[in-house]
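# Understanding the architecture of this molecule
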Amino acid sequence: MTEFNWTPDELQKIVEENSIVLFMKGTPDAPQCGFSNRAASVVSQLGVPFASVNVLSDPRARNALRDWSGFPTMPQLFIGGKLIGGSDIALELFQNGELQTLAANASGND
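Below: a short report on this structure. Given the structure is predicted, the values throughout are model-derived calculations rather than measurements.

For the rest of this paragraph, the subject is the nonpolar core. By size, the foremost hydrophobic cluster in this structure holds 17 residues, and its most contacted members are Ile 20, Leu 22, Leu 46, Leu 77, Ile 79, Ile 84 and Leu 99. Those elements giving two or more residues to this core turn out to be β1 (20-24), α2 (34-44), β3 (76-79), α4 (87-95) and α5 (98-107). Discounting residues that sit within four places of it in the chain, Leu 77 has contacts with Ile 20, Val 21, Leu 22, Val 43, Lys 82, Leu 83, Ile 84, Gly 85, Ala 90 and Leu 99.

Structure (structure tokens):
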């Protein structure tokens, strides 16, 4: 993402253009914190494509994302344009099967 300014419009566009987006510290292959690792692992287990955004790539990213989403911590998982939550919420929803349903509905595979 060259010339990305972390504006609300840019963040909204990322969420609208991807059915599943994980804003995380690091990348799914190289997470930079345990919570991001957990969230990436959970989302990967869904078996559907997802976008990830490394919030450590720019010092403005975390504050801009927090202000825009209203959610205070990283990572942040969005499915179907809606904030799902962080790693604990993602794991809980995965364990009870709700995350799989949300992902299927968002990607049109229900």
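This part is about the sheet that holds β1. Paired through their backbone hydrogen bonds, the strands of a sheet run either parallel or antiparallel. In space, the 4 strands of this open sheet follow the order β2-β1-β3-β4, with mixed pairing throughout. Only two strands of the sheet have a single neighbouring strand rather than two, namely β2 (51-54) and β4 (82-85). Across the sheet, the mean angle separating the axes of adjacent strands is 25° when strand polarity is ignored. Of the pairings in the sheet, the one linking β1 to β3 comprises 4 bridges and is antiparallel in character. Counted as the bridge partner of Val 21 is Phe 78 from β3. The strands touched by α2 are β1 and β3; relative to β1, the strand with the most contacts, the crossing angle is about 165°. Across the face of the sheet, α5 comes into contact with β1, β3 and β4 while running at roughly 50° to β3.

All right, on to the packing of α2 against α4 then. One way to put it is that α2 packs onto α4 with a least axis distance of 9 Å and a crossing angle of 30°. When the axes of α2 and α4 are compared, the pair comes out roughly parallel. Crossing hand, α2 versus α4: left-handed. Residue-level contacts link Phe 35, Arg 38, Ala 39 and Val 42 of α2 to Ser 87, Asp 88, Ala 90, Leu 91 and Phe 94 of α4. Per-class residue counts for the contact of α2 with α4 are 6 nonpolar, 1 polar and 2 charged.

Rules used in this analysis
- Residues numbered from 1 in each chain as written.
- Predicted model: local features only at pLDDT ≥ 70, side-chain atom pairs only at ≥ 80, totals over all residues.
- Heavy atoms only, no water.
- Core = buried A, V, L, I, M, F, W, Y, C linked by side-chain atoms within 4.5 Å.
- Buried < 20%, exposed > 50% of the residue type's maximum accessible area, 1.4 Å probe, protein only.
- Helix = DSSP H or I, 4+ residues; strand = E, 2+ residues; numbered from the N terminus.
- Contact = heavy atoms within 4.5 Å.
- Pairing = 2+ DSSP bridges.
- Axes fitted to C-alpha atoms, helices over the stretch in contact; angles between N-to-C directions.
- Parallel < 35°, antiparallel > 145°, perpendicular 65-115°, else oblique.
- Left-handed = near helix turned anticlockwise from the far one by under 90°.
- Nonpolar A, V, L, I, M, F, W, Y, C, P; charged D, E, K, R; others polar.

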